[in-house]
Amino acid sequence: MSKRIVRYIGMFHKEINHSKNSDSIPEVSWVGTVPDLGNVSSFAGTLEEAIYNTKEACELYCDGLIQEIKQPSNLEEIMLKENIEEDKYIFVYIDVNIG
(Lines give C-alpha, C1' and ligand atoms only; values in the text may rest on other atoms or scores of the structure.)
Protein backbone atom coordinates (compact mmCIF):
# COMPACT_ATOMS: atom_id res chain seq x y z
CA MET A 1 0.00 0.00 0.00
CA SER A 2 1.48 3.35 -1.01
CA LYS A 3 1.61 6.37 1.24
CA ARG A 4 -0.32 9.50 0.47
CA ILE A 5 -0.26 12.91 2.05
CA VAL A 6 -3.46 14.45 3.38
CA ARG A 7 -3.52 18.06 4.58
CA TYR A 8 -5.44 18.65 7.82
CA ILE A 9 -5.94 21.83 9.80
CA GLY A 10 -4.30 21.96 13.20
CA MET A 11 -5.38 24.43 15.90
CA PHE A 12 -2.64 25.70 18.20
CA HIS A 13 -2.88 27.80 21.33
CA LYS A 14 -0.56 28.88 24.10
CA GLU A 15 -1.05 27.74 27.69
CA ILE A 16 0.66 29.38 30.62
CA ASN A 17 1.28 27.13 33.60
CA HIS A 18 1.86 28.92 36.86
CA SER A 19 3.96 27.15 39.43
CA LYS A 20 2.84 26.84 43.02
CA ASN A 21 5.92 28.84 43.91
CA SER A 22 5.03 32.49 43.23
CA ASP A 23 8.71 33.40 42.71
CA SER A 24 9.14 31.17 39.66
CA ILE A 25 8.61 32.20 36.05
CA PRO A 26 5.44 30.78 34.47
CA GLU A 27 6.04 27.91 32.05
CA VAL A 28 4.66 28.33 28.52
CA SER A 29 3.43 25.41 26.42
CA TRP A 30 1.95 25.29 22.95
CA VAL A 31 -0.88 22.80 22.48
CA GLY A 32 -1.96 21.52 19.07
CA THR A 33 -5.19 19.70 18.21
CA VAL A 34 -6.49 18.25 14.93
CA PRO A 35 -10.30 18.04 15.17
CA ASP A 36 -10.73 15.91 12.02
CA LEU A 37 -8.60 13.12 13.51
CA GLY A 38 -10.43 12.48 16.76
CA ASN A 39 -8.95 15.62 18.35
CA VAL A 40 -5.44 14.16 18.26
CA SER A 41 -3.26 16.52 20.24
CA SER A 42 0.26 17.14 21.42
CA PHE A 43 2.23 19.90 23.05
CA ALA A 44 5.72 21.40 23.33
CA GLY A 45 7.60 24.43 24.57
CA THR A 46 7.61 26.19 21.18
CA LEU A 47 5.07 26.47 18.39
CA GLU A 48 7.43 24.80 15.91
CA GLU A 49 7.96 21.81 18.21
CA ALA A 50 4.22 21.55 18.86
CA ILE A 51 3.50 21.46 15.11
CA TYR A 52 6.10 18.72 14.62
CA ASN A 53 4.81 16.69 17.59
CA THR A 54 1.19 17.06 16.47
CA LYS A 55 2.08 15.85 12.95
CA GLU A 56 3.76 12.76 14.46
CA ALA A 57 0.75 12.13 16.70
CA CYS A 58 -1.57 12.35 13.67
CA GLU A 59 0.51 9.84 11.72
CA LEU A 60 0.54 7.40 14.64
CA TYR A 61 -3.21 7.82 15.02
CA CYS A 62 -3.81 7.15 11.31
CA ASP A 63 -1.50 4.11 11.31
CA GLY A 64 -3.65 2.55 14.04
CA LEU A 65 -7.02 3.16 12.34
CA ILE A 66 -8.99 0.30 10.91
CA GLN A 67 -11.79 2.36 9.38
CA GLU A 68 -11.56 4.89 6.55
CA ILE A 69 -9.65 8.05 7.39
CA LYS A 70 -11.83 11.16 7.46
CA GLN A 71 -11.38 13.66 4.69
CA PRO A 72 -10.21 17.08 5.90
CA SER A 73 -12.72 19.78 6.76
CA ASN A 74 -12.19 23.35 5.68
CA LEU A 75 -11.50 26.09 8.22
CA GLU A 76 -15.08 27.36 8.27
CA GLU A 77 -16.46 23.88 9.02
CA ILE A 78 -13.99 23.38 11.86
CA MET A 79 -14.74 26.77 13.39
CA LEU A 80 -18.49 26.12 13.33
CA LYS A 81 -18.24 22.54 14.61
CA GLU A 82 -15.77 23.31 17.39
CA ASN A 83 -17.32 26.71 18.31
CA ILE A 84 -13.90 28.37 18.02
CA GLU A 85 -12.94 31.79 19.23
CA GLU A 86 -10.69 32.75 16.34
CA ASP A 87 -8.42 35.10 18.27
CA LYS A 88 -7.27 32.35 20.67
CA TYR A 89 -5.83 29.98 18.04
CA ILE A 90 -3.24 29.81 15.31
CA PHE A 91 -4.35 27.57 12.45
CA VAL A 92 -1.69 25.56 10.62
CA TYR A 93 -1.93 23.10 7.74
CA ILE A 94 -0.40 19.77 8.72
CA ASP A 95 0.60 17.36 5.95
CA VAL A 96 -0.01 13.87 7.32
CA ASN A 97 1.57 10.80 5.68
CA ILE A 98 -1.11 8.11 5.52
CA GLY A 99 -0.75 4.53 4.47
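This text follows the structure it describes.
Cut-off values and rules
Every residue gets a number counted from 1 within its own chain, in the order that chain's sequence is written. The predicted origin of the model limits local features to residues at a pLDDT of at least 70 and limits the giving and counting of side-chain atom pairs to 80 or more, whereas totals for whole chains, interfaces and linings rest on all residues. Side-chain measures here rest on the full set of heavy atoms in the structure, leaving out hydrogens and waters. Strands were regarded as paired on the criterion that DSSP finds at least two bridges between them. Per the convention used, a helix needs a DSSP run of H or I reaching at least four residues, while a strand needs a run of E reaching at least two, with both numbered from the N terminus. Helix axes are fitted to C-alpha atoms over the stretch in contact, other axes to C-alpha atoms as well, and angles between N-to-C directions run from 0 to 180 degrees. Residue contacts are counted whenever heavy atoms from the two residues lie within 4.5 Å of one another. Here a Phe, Tyr or Trp ring, Trp counted by its six-membered ring, pairs with any other such ring whose centre lies within 6.5 Å, and the pair is stacked when the planes are under 30 degrees apart, edge-to-face when over 60, and tilted otherwise. The cut-offs for exposure are 20% and 50% of the maximum accessible area for each residue type, with area from a 1.4 Å probe on protein chains only; residues under the lower value are buried, those over the upper are exposed, and the others partly exposed. Comment: the charge-over-ring label is applied if NZ (Lys) or CZ (Arg) is within 6 Å of the ring centre and within 35 degrees of the ring normal. For this document, the term salt bridge refers to a Lys or Arg side-chain nitrogen within 4 Å of an Asp or Glu carboxyl oxygen. Among buried residues, the Ala, Val, Leu, Ile, Met, Phe, Trp, Tyr and Cys ones that are joined through side-chain atoms within 4.5 Å form a nonpolar core.

K.L.:
How do you make sense of the sheet that holds strand 2 (residues 27-34) when you look at a structure like this?
P.N.:
Strand-to-strand pairing in sheets goes through backbone hydrogen bonds, with the strands running parallel or antiparallel. One open sheet holds the four strands; their spatial order is 3-2-1-4, and the pairing between them is antiparallel. At either margin of the open sheet sits one strand with a lone partner, and together these are strand 3 (40-44) and strand 4 (90-98). On average, each strand axis in the sheet is inclined to that of its neighbour by 30°, with strand direction left out of account. Where strand 1 (residues 4-17) meets strand 2, seven bridges bridge the pair, whose relative direction is antiparallel. Following the sheet pairing, Glu15 is matched in strand 2 by Ser29. Those strands touched by helix 1 (residues 47-63) are strand 1, strand 2, strand 3 and strand 4, and its axis lies near 40° from that of strand 4.

K.L.:
Can you walk me through the packing of aromatic side chains in this structure?
P.N.:
Ring pairs (aromatic) are described by centroid distance and by the angle formed between their planes. Per the stated rule, a full pass over the model turns up one aromatic pair. Between Tyr89 and Phe91 the ring centres are 6.3 Å apart and the planes differ by 35°, which places this aromatic pair in the tilted class. The class for Tyr89 is partly exposed, based on a relative accessible area of 26%. Taking the ring centre of Tyr93 as reference, the NZ or CZ of Arg7 above it sits at 5.2 Å.

K.L.:
Which parts of the structure should I look at to understand the pattern of salt bridges?
P.N.:
Counting across every chain of the model gives four salt bridges. Linking Asp36 and Lys70 is a salt bridge whose minimum nitrogen-to-oxygen distance equals 3.3 Å. Of this pair, Asp36 sits in the loop between strand 2 and strand 3 while Lys70 sits in the loop between helix 1 and helix 2 (75-82), placing them 34 residues apart in sequence. Relative accessible area serves as the criterion here: at 39%, Lys70 is assigned to the partly exposed category. Notably, a salt bridge pairs Lys81 with Asp36, separated by 3.8 Å at the nearest N-O pair. Of this pair, Lys81 sits in helix 2 while Asp36 sits in the loop between strand 2 and strand 3, and the two are 45 residues apart along the sequence. Put simply, Asp36, Lys70 and Lys81 are held in one network by salt bridges that share partners.

K.L.:
Teacher, can you tell me more about the nonpolar core here?
P.N.:
Membership of the largest hydrophobic core comes to 17 residues, with the highest contact counts inside it found for Tyr8, Phe12, Leu37, Val96 and Ile98. Beyond its immediate chain neighbours, meaning those up to four positions away, Val96 contacts Arg4, Ile5, Val6, Tyr8, Cys58, Glu59 and Cys62. Counting five residues, the second-largest nonpolar core is a separate cluster that includes Ile9, Ile78, Met79 and Ile84.

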